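Take a look at the letters that make up each chain.
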Amino acid sequence: MGTIPGYIINKLPCVLLNEPLSASRNHICQLAPTEKNTFLFSRELSLSSSLTHKNLKKMERLGLMFLSTLVLVLFHVFVDASQNQKKTYIIHMDKFNMPADFDDHTQWYDSSLKSVSKSANMLYTYNSVIHGYSAQLTADEAKSLEQQLGILSVHEEVRYELHTTRSPTFLGLEGRESRSFVLQTKARSDVIIGVLDTGVWPESKSFDDTGLGPVPASWKGTCQIGKNFDASSCNRKLIGARFFSQGYEAAFGAIDETMESKSPRDDEGHGTHTATTAAGSVVTSASLLGYATGTARGMASHARVAAYKVCWTGGCFSSDILAGLDQAVIDGVNVLSLSLGGTISEYHRDIVAIGAFSAASQGIFVSCSAGNSGPSSGTLSNVAPWITTVGAGTMDREFPAYIGIGSGKKLNGVSLYSGKALPSSVMPLVYAGNVSQSSNGNLCTSGSLIPEKVAGKIVVCDRGMNARAQKGLVVKDAGGIGMILANTDTYGDELVADAHLIPAAAVGQTAGNLIKQYIASNSNPTATIAFGGTKLGVQPSPVVAAFSSRGPNPITPDILKPDLIAPGVNILAGWTGKVGPSGLQEDTRNVGFNIISGTSMSCPHVSGLAALLKTAHPEWSPAAIRSALMTTSYSTYKNGKTIEDVATGTSSTPFDYGAGHVNPTAAVNPGLVYDLTVDDYINFLCALDYSPSMIKVIAKRDISCDKNKEYKVADLNYPSFAIPLETAWGEHADSSTPTVTRYTRTLTNVGNPATYKASVSSEAQEVKILVEPQILTFSQKNEKKTYTVTFTASSKPSGTTSFARLEWSDGQHVVASPIAFSWT
């Protein structure tokens, strides 16, 4: 065991408290003096079979008494150690109430830190999204600091994780339907997208600045010099790049620069992929090893990119993320894209939510990934209403693989394998669970397979635990010649393609079960694997990805999240030159583009589309841009059927897709928008009963909610509706007394004068929905009109959820809002 301050422990306690001493074993229970007046717990108590029963019982009692004392001492040892262990904390200061004794804020910050720790040094000072600093402190020091006047909050460091060429055409941004974006694609764009991720690979063709004008005059950022990165790495496309590592290094120690670059350079690939998805330049003849060949381009191919490297090998730490957000706002970005997430927490304790609030209040659109924890419900992250939360859907493109098994069945899978194919003749087939030497050998974990039983065979591995492409290497190392990667019930029939290093194909749960049943029933099972390249026009599309995190909103059920979905499965975009497409160290292939999946990929799609809307409508607020994207999105196919959920094979719901799948050609001209101001968000916080100090942490100003005013979360002017029925019906659930709930909304006309009429479609038979007034007439641009929706619940619904849809239409525009009822 390790050393704990004040004590050295080299042996574990001798007896479990509920287990009596045994005459057949030795028990470690001795107390012995050591240097520095500490103690070594190591006495050995030998029990002989010659002891009498009475003496044995006495020894047992003495041993248990001693053990109780020992456990108590150990408890205090570990508590003491925990309290003395230093961790990174973010200290949020009340900038506008700095004591008069100080000349500047940095002097004040330093004084507050030194008052609790003479040896601690600041990691960062924050000057934009919050005011304060971060430093390494013990729990006691942090607690002491929190009691000081002028300190709003002290947050312990949180670790975040990354949420991991067809899409422009699929979204209608190419061809005849893209005429509404002609202005944006031809004009020089001054919109800047800030991407907080793993950095950037500046040599990517997607950062070519040919045809772009000068760097926007509003830009205040820089190209930070570091390992393998200098000032010339930036250009008129990639206009800025910075890195933030102090929080990470405080937790893990100095960055090993033989493994990753202490600079903005992207050694992992994720950051380059997200940045080029959002705003990559047009690149012809792009592909991954011949797959998905075509013209690659980001959503806003003329927008500028600023990269902020906040994620490293061990994850993304909140002090670094906050520093990146802080700097991006100062630098002058217009859009922020964050494909990362951490544990869900209240808004005043969520560093991303706090930083995003400040950004949004300064007119910056913030897009975040919803998370990859689907299909379970309530698994979302980044749910603050001032953040646009993006889930993932598929496109109409696949990379098919074909599996034939000896029984004659032909099954479909997917793969991005590009090497030498397997023989066309049948090959021996085994299930990893039958040829392994470990309890989880079915997952093809490292060293789990028995070479004598695997050599020369195709191996069926179950998905889960280790990386999908890594499983293929395990098979190869054991002598296998191919792999079939089978989904378990966690993943259903969702198919995600990978650039495998051996001939391999992924199949859904249904196909995987059929293959395993065949193996179990046949004494000499065989199979073939063939690869089908790229297939377009796959239907139905889109479908909601199984991994995409789902609602209801775990923090505020009254706000529907995710907001919408965008392409996030098998997305081709720029890649690092440091690792191959599988991301494995053993993968030495060098590719300019890679195909990966995740809400990490759907988020930058929306970030780029927001940049396009910002170019077309520079006067629009972040809330107006989100509203345009949400109210013009679609939730049904052209045949009228609801978008499918690949996890269930049935219709998805607003808890899966939010308002629907993004439709950018409609979003540029939405007709009406639901706008929001900073004051609206503050009223929302008042409705949540946040205290003045909690609101100040988020809003950075003194706010006292009016005690004479009724604040309602339901009245936040959001483009969607969520009604948690346990709140609305609660005490009346079994009575005949109807419960009435009213939501108020305000629409702003951003189009020509027009008259809009409301219509409601609903599957919620137990809830009557009344819109008043049902007609809104707008005579001029930017005119506002308010309406109320009354929900009358006469009885408890038969299910746990039900849904409806409200539409305002003038015959040309359809302004749609999903309505989600939930009963828990």
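One can find the structure itself at the top, above this paragraph.
What you see as residue numbers is a count from 1 along each chain, following the sequence as written. Reporting in this predicted model follows two pLDDT cut-offs: at least 70 for local features of residues, and 80 or more for side-chain atom pairs to be given and counted; totals over whole chains, interfaces and linings ignore these cut-offs and use all residues. With hydrogens and water set aside, each side-chain value is computed from the structure's full complement of heavy atoms.

Enquirer: Could you give an account of the overall build of the protein chain, naming the residues involved and the relevant values?
Expert: The helix and strand tally for the protein chain stands at 19 helices and 42 strands. For every residue, the accessible area (1.4 Å probe, protein chains only) is compared with the maximum for its type, and the residue is labelled buried under 20%, exposed over 50%, or partly exposed between those bounds. Looking at the 824 residues of the protein chain, the share that counts as buried comes to 56%. Surface accessibility in these figures is a Shrake-Rupley result with a 1.4 Å probe; residues are shielded only by whichever protein chains are displayed. When the accessible surface of the protein chain is totalled, it reaches about 33,700 Å², and 50% of it is carbon and sulfur. Runs of E in the DSSP output that reach at least two residues are strands. Runs of H or I that reach at least four are helices, and both are numbered from the N terminus.

Enquirer: I'd like a rundown of the sheet that holds strand E35 (residues 721-724), residues and numbers included.
Expert: Two strands are counted as paired when DSSP detects at least two bridges linking them. With mixed pairing, the five strands of this open sheet are ordered in space as E35-E42-E41-E37-E39. The sheet terminates laterally at E35 and strand E39 (775-778), the two strands that pair on one side only. Between one strand axis and the next, the sheet turns by 20° as a mean value, whatever way the strands run. In the sheet, strand E41 (residues 801-809) pairs with strand E42 (residues 814-822) via nine bridges, with the strands oriented antiparallel. Note that in E42 the partner of Ser802 across the bridge is Phe821. Fitted lines through C-alpha atoms serve as axes, helices being fitted only where they are in contact, and the angles separating the N-to-C directions of these axes extend from 0 to 180 degrees.

Enquirer: Can you lay out the nonpolar core for me, pointing to particular residues and giving the numbers?
Expert: In this text, buried Ala, Val, Leu, Ile, Met, Phe, Trp, Tyr and Cys residues form a nonpolar core when linked through side-chain atoms within 4.5 Å. By size, the foremost hydrophobic cluster in this structure holds 67 residues, and its most contacted members are Ile321, Val333, Leu336, Leu338, Leu340, Tyr347 and Trp386. The dominant element in this core, judged by the number of residues it contributes, is helix H9 (residues 351-361), at eight residues.

Enquirer: Describe in detail the sheet that holds strand E13 (residues 311-312), supporting the description with residues and values.
Expert: Reading across the sheet, the four strands line up as E13-E14-E7-E16 and stay open at both edges, with antiparallel pairing between neighbours. Two strands close off the open sheet at either side, each with one partner strand: E13 and strand E16 (340-341). Relative to E16, strand E7 (residues 159-162) runs antiparallel, the two being bridged by two bridges. Following the sheet pairing, Glu161 is matched in E16 by Gly341. Two residues qualify as a contact provided that any one of their heavy atoms is within 4.5 Å of a heavy atom in the partner residue. Contacting E7, strand E14 (315-317) and E16, helix H8 (residues 318-331) crosses the sheet at an angle of about 70° to E14.

Enquirer: Could you give an account of the environment of Ala467, with specific residues and numbers?
Expert: Structurally, the position occupied by Ala467 is in the loop between strand E23 (458-462) and helix H11 (468-477). Separated by 116 residues in the primary sequence, Ala467 and Gly583 place their C-alpha atoms 9.5 Å from one another.

Enquirer: If you had to explain the layout of surface pockets to someone new, which residues and values would you point to?
Expert: The way it works is a 1 Å grid over only the protein atoms, where trapped points that fit a 1.4 Å probe form a cavity and open points with protein on both sides within 12 Å along at least five of seven lines form a pocket, and then any residue with an atom within 4 Å of a point lines it. Grid points are joined across faces, edges and corners, and a volume is the space filled by probe spheres set on the points. In this model, the second largest pocket occupies a volume close to 640 Å³. Along the walls of the second largest pocket sit 28 residues, with Glu398, Asp493, Leu495, Val538 and Val646 positioned nearest its centre. Taken together, the elements giving at least two residues each to the lining of the second largest pocket come down to strand E19 (397-398), strand E20 (400-405), strand E21 (410-414), helix H12 (509-521) and strand E32 (644-645). Among the elements that take part in the lining of the second largest pocket, E21 stands out by supplying three residues, more than any other. For this classification, the nonpolar set comprises Ala, Val, Leu, Ile, Met, Phe, Trp, Tyr, Cys and Pro, the charged set comprises Asp, Glu, Lys and Arg, and every other residue, Gly included, is treated as polar. Grouping the constituent residues of the lining of the second largest pocket by class yields 12 nonpolar, nine polar and seven charged.

Enquirer: Describe the packing of helix H7 (residues 270-279) against helix H13 (residues 599-616), listing the residues and the values that go with them.
Expert: Relative orientation of the contacting elements H7 and H13 amounts to 35°, with a least axis distance of 7 Å. Considering how the two elements wind past one another, H7 and H13 form a crossing that is right-handed. When H7 is examined against H13, the residues His270, His273, Thr274, Thr277 and Ala278 are found in contact with a partner set consisting of Ser600, Met601, Pro604, His605, Ser607 and Gly608. Broken down by class, the residue content of the contact of H7 with H13 amounts to three nonpolar, eight polar and no charged. By convention the crossing between two helices is left-handed if the near helix lies anticlockwise of the far one by an angle smaller than a right angle, and right-handed if it lies clockwise.

Enquirer: So what about the side chain of Ser448? Which residues, and what values?
Expert: Relative to the elements of secondary structure, Ser448 occurs in the loop between strand E22 (427-431) and helix H10 (451-454). Given a relative accessible area of 2%, Ser448 falls into the buried group. Setting aside anything within four residues of it in sequence, one finds Ser448 in contact with Val435, Ser436, Gln437, Ser438 and Gly441.

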